[in-house]
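# Residue-level structural notes
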Amino acid sequence: MRYFLDTEFNGFGGELISIAMVPENDGLAPFYAAVECKNLTPWVVEHIIPVLDVEQVTRSGLVDLFADYLGDDPEPVLVADWPEDIAHAARLLVIGPGLMKPVRNIRFDLVDAALVSSGEGSAIPHNAYHDALRLRADVLAYEKRMAT
């Protein structure tokens, strides 16, 4: 199944703050979690933290939650519109030297945001969950337009 992915992070190249995955199928539960992060940039403090809307967990707790969420899907596909979102999601699978969470056959799909964007922003900008919802809506609308 496809999951539409978005993350928020602490400035360019910075640590993960929050991650969301919204399944393609509307009836399934989304994933949204935040990790404890220190030394936040002023921009993050002003724009991301006020709209976080979820309790922060430890990194190891987030790793477990993330892997558990994807664990029952034999072939998850994570769709993102920014490479760093994919990098942060992939890093959550690594638990030590040569060790990873048992999520196999995972694929990542990077879409061109300029092609799929509806031009509308998310309901709550800089909130990973709402940004993932917007990405899903944009990609599905784009695919529908291309099919006709």
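Before reading further, recall that the structure is shown in the block above.
Here goes a summary of the coordinates provided. Model, not experiment: these values are computed from the prediction.

## A word on the overall build of the protein
What the protein contains, in helices and strands, is five helices and eight strands. Considering the protein as a whole, with its 148 residues, one finds that 41% of them fall into the buried category. Carbon and sulfur atoms make up 56% of the accessible area of the protein, which amounts to about 8,200 Å² in all. Placing the 11 positive and 23 negative side-chain charges of the protein at their respective mean positions leaves the two points 4 Å apart.

## Looking at helix α3 (residues 83-91)
Within the sequence span of α3, burial applies to Glu-84, Asp-85, Ile-86, His-88 and Ala-89. As for α3, its buried residues are in contact with β1 (2-9), β2 (16-23), α2 (59-70), β5 (77-80) and β8 (107-110).

## Here we look at α2
With 12 residues, α2 should reach 16 Å at 1.5 Å per residue; the first-to-last C-alpha distance of 17 Å fits that figure. Every buried residue belonging to α2 is among Leu-62, Val-63, Phe-66, Ala-67 and Leu-70, and all of these are buried. One side of α2 carries all its buried residues, which in axial view fall inside an arc of 125°.

## Some words on the side chain of His-88
Tracing the backbone through its elements, the reader meets His-88 in helix α3. His-88 gets classed as buried once you look at its relative accessible area, which sits at 4%. Of note is the side chain of His-88, whose polar atom sits 3.3 Å from the side chain of Arg-91. Among residues more than four places away in sequence, those in contact with His-88 are Thr-7, Phe-9, Gly-14, Glu-15 and Leu-16.

## Focus on the pattern of salt bridges
Taken as a whole and judged by the stated rule, the model has five salt bridges. In this structure, Asp-26 engages Arg-136 in a salt bridge whose closest nitrogen and oxygen atoms are separated by 2.9 Å. In this pair, Asp-26 sits in the loop between β2 and β3 (31-35) while Arg-136 sits in helix α5 (residues 128-147), placing the two residues 110 residues apart along the sequence. With relative accessibility at 63%, the residue Asp-26 sits in the exposed group. One salt-bridge network, held together by shared partners, links Arg-2, Glu-24 and Glu-143.

## Quick word on the environment of Ala-141
Looking at where Ala-141 falls in the secondary structure, it is placed in helix α5. Residue classification places Ala-141 among the partly exposed residues on the basis of a relative accessible area of 34%. For the pair Ala-141 and Pro-74, spaced 67 residues apart in sequence, the C-alpha separation works out to 26 Å.

## Focus on the packing of aromatic side chains
All chains considered together, the criterion is met by four aromatic pairs. Note on Tyr-3 and Tyr-69: the rings are 5.7 Å apart at their centroids and 70° apart in plane angle, and the pair reads as edge-to-face. Separated by 66 residues along the polypeptide, Tyr-3 in strand β1 and Tyr-69 in helix α2 bring together distant segments of the chain. With a relative accessible area of 23%, Tyr-69 lands in the partly exposed category. Ring centres of Tyr-32 and Tyr-129 lie 6.1 Å apart, and the angle between their planes is 40°; on these two criteria the pair is classed as tilted. Highlighted residues: Tyr-32 in strand β3 and Tyr-129 in helix α5, separated in sequence by 97 residues.

Cut-offs and rules
Residues numbered from 1 in each chain as written. Predicted model: local features only at pLDDT ≥ 70, side-chain atom pairs only at ≥ 80, totals over all residues. Heavy atoms only, no water. Helix = DSSP H or I, 4+ residues; strand = E, 2+ residues; numbered from the N terminus. Buried < 20%, exposed > 50% of the residue type's maximum accessible area, 1.4 Å probe, protein only. Areas by Shrake-Rupley, 256 points an atom, 1.4 Å probe, with all protein chains shown as cover. Lys, Arg positive; Asp, Glu negative; His and termini not counted. Charge placed at Lys NZ, Arg CZ, Asp CG, Glu CD. Contact = heavy atoms within 4.5 Å. Expected span 1.5 Å × (residues − 1). Arc of directions from axis to C-beta. Polar contact = N/O pair within 3.5 Å; in protein donor to acceptor, adjacent residues only side chain to side chain. Salt bridge = Lys/Arg side-chain N within 4 Å of Asp/Glu carboxyl O. Phe/Tyr/Trp six-rings, centres within 6.5 Å; stacked < 30°, edge-to-face > 60°.

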